[in-house]
There are 2 protein chains.
Amino acid sequence: MGPRIRKSPFFEATVAAGVSAFTVYNHMYMPTSYGDPAEEYRRLTERVALWDVAGQRQVEIAGPDAASLVQYLSARSLSGLKGGRARYAPICDHDGYLINDPVVLCLADDRFWLSIADSDLGLWAKAVAAERGDDVRVFEPDVSPLAIQGPLAEELAIDLFGAEVVGSLGFFHHVGAEIDGIPLVLCRSGWSKQNGFELFLTDGSRGVELWDRVMESGARFGIGPGTPNASERIESGLLSFGSDNGPRTDPFETGLGAWVNLDGEYDFIGKAALLARVERGVERALVNVSFVDDSGPVESLPLEHPRAALLNGQVVGELRNAVWSPRLGHAIGIGLVQRSAGTPGTRLTVDIDGVECSVVVASEPFGTPRRLFSAT
Amino acid sequence: MGPRIRKSPFFEATVAAGVSAFTVYNHMYMPTSYGDPAEEYRRLTERVALWDVAGQRQVEIAGPDAASLVQYLSARSLSGLKGGRARYAPICDHDGYLINDPVVLCLADDRFWLSIADSDLGLWAKAVAAERGDDVRVFEPDVSPLAIQGPLAEELAIDLFGAEVVGSLGFFHHVGAEIDGIPLVLCRSGWSKQNGFELFLTDGSRGVELWDRVMESGARFGIGPGTPNASERIESGLLSFGSDNGPRTDPFETGLGAWVNLDGEYDFIGKAALLARVERGVERALVNVSFVDDSGPVESLPLEHPRAALLNGQVVGELRNAVWSPRLGHAIGIGLVQRSAGTPGTRLTVDIDGVECSVVVASEPFGTPRRLFSAT
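I will try to describe carefully the structure that is included in this document. (Residues numbered from 1 in each chain as written. Chains lettered and ligands numbered in written order. Predicted model: local features only at pLDDT ≥ 70, side-chain atom pairs only at ≥ 80, totals over all residues. Heavy atoms only, no water.)

1. Describing the overall build of chain A
Okay, so step 1: Helix and strand counts for chain A stand at 9 helices and 21 strands.
Okay, so step 2: Its C-alpha atoms give chain A a radius of gyration of 21 Å, within 12% of the compact-globule value 21 Å for 376 residues.
Okay, so step 3: Expressed as a percentage of its 376 residues, the buried residues of chain A come to 60%.
Okay, so step 4: Here the contacts in chain A between residues at least 6 apart in sequence split such that 64% fall between residues at least 24 apart.
Okay, so step 5: Put simply, chain A shows about 14000 Å² of open surface, and 48% of that area lies on carbon and sulfur atoms. (Helix = DSSP H or I, 4+ residues; strand = E, 2+ residues; numbered from the N terminus. Rg over C-alpha atoms; globule rule 2.2 N^0.38 Å. Buried < 20%, exposed > 50% of the residue type's maximum accessible area, 1.4 Å probe, protein only. Contact = heavy atoms within 4.5 Å. Areas by Shrake-Rupley, 256 points an atom, 1.4 Å probe, with all protein chains shown as cover.)

2. Section: the relation of the copies chain B and chain A
Okay, so step 1: By a simple turn and slide, chain B fits onto chain A: the slide is 0.0 Å along the axis, the RMSD is 0.0 Å, and the turn is 180°. Taken together, these values place the two copies in the relation of a two-fold axis. Among all C-alpha atoms of chain B, that of Trp124 of chain B lies closest to the rotation axis, at 2.2 Å.
Okay, so step 2: When you check the interface residues of chain B against chain A, 100% turn up at the interface there too, and the contact is symmetric in its surfaces. (Least-squares fit on C-alpha atoms with pLDDT ≥ 70 in both.)

3. Digging into the sheet that holds strand E12 (residues 174–179) of chain A
All names here are of chain A.
Okay, so step 1: Reading across from one edge, E12-E13-E14-E11-E3-E15 is the order of the 6 strands in this open sheet, with mixed pairing throughout. Pairing within the sheet leaves two strands with one partner each, and these edge strands are E12 and strand E15 (224–226). Adjacent strand axes in the sheet meet at a mean angle of 30° when their direction is disregarded.
Okay, so step 2: Pairing of strand E3 (residues 49–52) with E15, which is carried by 3 bridges, proceeds in the parallel orientation. Its bridge partner lying in E15, Leu50 is registered against Pro225.
Okay, so step 3: Relative to the sheet, helix H5 (residues 153–161) contacts strand E11 (144–149), E12, strand E13 (182–187) and strand E14 (196–201), its axis offset from that of E14 by approximately 40°. (Pairing = 2+ DSSP bridges. Axes fitted to C-alpha atoms, helices over the stretch in contact; angles between N-to-C directions.)

4. Focus: the side chain of Ser74 of chain B
Okay, so step 1: Within the secondary structure, Ser74 of chain B is located in the loop between helix H3 (66–73) and strand E5 (85–88).
Okay, so step 2: Excluding anything up to four places from it in sequence, Ser74 of chain B contacts Ala89, Pro90, Ile91 and Phe268 of chain B.

5. A word on the nonpolar core
Okay, so step 1: By size, the foremost hydrophobic cluster in this structure holds 54 residues, and its most contacted members are Ile61, Leu73, Leu114 and Trp124 of chain A together with Ile61, Leu114 and Trp124 of chain B.
Okay, so step 2: When neighbours within four sequence positions are excluded, Leu114 of chain A is seen to be in contact with Arg57, Gln58, Val59, Ile61, Val70, Leu73, Ile91, Pro102, Val103, Val104 and Leu121 of chain A.
Okay, so step 3: The next biggest cluster of nonpolar side chains, apart from the first, holds 31 residues, and it includes Phe10, Ala153, Ala157 and Phe221 of chain A. (Core = buried A, V, L, I, M, F, W, Y, C linked by side-chain atoms within 4.5 Å.)

6. Side note on the interface of chain B and chain A
Okay, so step 1: On the chain A side, the residues contacting the 36 residues of chain B number 36 residues.
Okay, so step 2: Buried area between chain B and chain A, both sides added, is near 3200 Å², and the carbon and sulfur share of it is 55%.
Okay, so step 3: Interface area lost by chain B to chain A is led by Pro3, Arg4 and Glu131 of chain B, which between them contribute 25%.
Okay, so step 4: With a shortest N-O distance of 2.8 Å, Asp95 of chain B and Lys126 of chain A are connected by a salt bridge.
Okay, so step 5: Taken together, chain B and chain A are joined by 19 residue pairs in polar contact (both at pLDDT 80 or more).
Okay, so step 6: Listing elements by their share of the side of chain B that touches chain A, those giving two or more residues are strand E1 (21–25), helix H4 (121–132) and strand E18 (314–325) of chain B.
Okay, so step 7: Sort the elements by how many residues they give to the side of chain B that touches chain A and H4 of chain B lands first, with 8 residues.
Okay, so step 8: For the side of chain B that touches chain A, the per-class residue count stands at 16 nonpolar, 9 polar and 11 charged. (Buried area = accessible area lost by both parts, 1.4 Å probe. Salt bridge = Lys/Arg side-chain N within 4 Å of Asp/Glu carboxyl O. Polar contact = N/O pair within 3.5 Å; in protein donor to acceptor, adjacent residues only side chain to side chain. Nonpolar A, V, L, I, M, F, W, Y, C, P; charged D, E, K, R; others polar.)

7. Things to note about helix H5 (residues 153–161) of chain B
Residues and elements named next belong to chain B.
Okay, so step 1: Within the sequence span of H5, burial applies to Ala153, Leu156, Ala157, Leu160 and Phe161. Down the axis of H5, the buried side of the element spans an arc of 110°, and every buried residue falls inside it.
Okay, so step 2: Considering only its buried residues, H5 is in contact with strand E11 (144–149), helix H6 (163–167), strand E12 (174–179), strand E13 (182–187), strand E14 (196–201) and helix H7 (207–218).
Okay, so step 3: Immediately downstream of H5, the backbone of Gly162 shows phi near 95°, a positive value. (Arc of directions from axis to C-beta.)

8. Observations regarding the packing of H5 of chain A against helix H7 (residues 207–218) of chain A
Residues and elements named next belong to chain A.
Okay, so step 1: Remark: H5 packs on H7, axes separated minimally by 10 Å, with the N-to-C direction vectors making an angle of 115°. Along this stretch, H5 crosses H7, giving a crossing that reads as right-handed. The segment H5 lies against H7, with Leu156, Asp159 and Leu160 engaging Arg213, Val214, Ser217 and Gly218.
Okay, so step 2: Residue classes in the contact of H5 with H7 are distributed as 3 nonpolar, 2 polar and 2 charged. (Left-handed = near helix turned anticlockwise from the far one by under 90°.)

Right, here's the structure in full:
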């Protein structure tokens, strides 16, 4: 560890809780394991887990032109988005390729947070704003999300914030709140389908205090530390930006077409390129796959890096990810393949460290491309 | 390890060579240790070391408007830069804050590589180009640098490429070359002051082959694996972007003022903000420091993250980095402090894990702010 990569406000607490592995996300260490994947999966799907997701940094855009700029950046229409609400909004570059897929939180008519995946979207947005001459400030505020996820997250949230606050908070709604004077924005959101909340801490000096306070209240719900969970998110059809897609992948290929608005009157970055590409026909599809015989490769899962996927001996794309699914009891994965190879039931072969594996393109129940991200 | 972070073309070779730690650099794993720091330092300063620095990605800018765009992006004048030459060029955002410090390689009048530090400069440059309507392509080419660094790098290079090619290659000169048909661009450059070359591999499928070939030829020069070296680079006064500076640091504060051209007639991004700041007076300085009594803290070096630096009990900045210096025989570091606290001889105190340390701002021989980066 060195000073180039930042530590989260919750870092010391995660170390005390026994973190055993980190990844780097937006130039910040982010926990990926506490050493017991099976228990962490159970905690997330049966009780409640506490995640340090401070690496999901915020890009704040504020000022008179903020709303028009945020719309210009987003492939999804933000029409009607108002204070206290959020929307999942894929963002493309000028060539129509996906460069991030943030949740956009509207704090006020002229103030937004883009809660980003792993790319320097703030740099990019600032360049766009400056070159357009927009009257906005684009910066990274002192905001660090801490997530509580799992079926008992609701009860824990009620314990922490009261039934009235939590009961009135719909999916992707958010509200300013505090715990023992620790300031935060509470949002019903998070990167799992187990229900939960993200606590956007707005004072980085109080991270350990917040972690400890949530752990204390969560004890009676069986809370424990966890991390964004590779098995659960693939079972649930959530996109992992940068893992599932490579560079030069568009939102239609990654199953995000429903969140791209090509029909609106307004312009957004990448719109012209996307219109042309839809006209020509989208080339690839992100598909879920099931391993047919996973006795061999399962030992080397999760996949360290993408592998070529073949149909009848021809490369038709890549297996981007593979994990063991506790829910399904077999290995599953995500492929980015030519559309012709993406029909449910298609059998593909993949060489994983010298073992030839068969995978079958899945339909229900764990997702088709169109259902890969069902956030509001 | 997962598929979100890329593997370098040299990855398998570094594993075979015994790599023991990686960092993440431009979304790619980059080796930081092979387990024996003292031997790696000796190899670099006495013989020759082989570094996988593929994480130093290239941003290619090509097309009719390439030259004018690259100048608009760069705080340094690129006037006179021609094919086969390179220049170190700090890059600022529109507010005049440093966002990267690449070496710009001119491949042709209309084609450049920005060999970047750790930030998504390609995203940013592409946004600027598109919003300006420049006729250029901005993309990441299949280019991965492999560095040979050390006093015997010259002899090794002659062995690999011939005395004629190497002899005619001045500092920051580059030329297309190949080894056994493996295509690359050979440049006299690298992030050490021990002399050396970077081999910009232009076919990612041949990384292990290139690594093995260089190792084979280097055997008689005592070559071995190494990585960018924290001790050597601080001793030598090379800037580590992202380690030495935080966000919102300008090139004058980081000792790069000599590579910023405020007098030119042309505009570049951040120029107006920098002019205003110079007018007001630069607030901070990057200084080298020596530890006065390093019996305690040396055990915890290198520094994992920045610590507050105090003068007479007042916080005057941060100790950004600290390492053991084999050359000097004591611990040294880099501070980013208020100018008034940056005078050589000033004694600052820093709390490192409960141990109060004294450091003294250094002058010669290991660098003053103005000499921190002496690349051409």
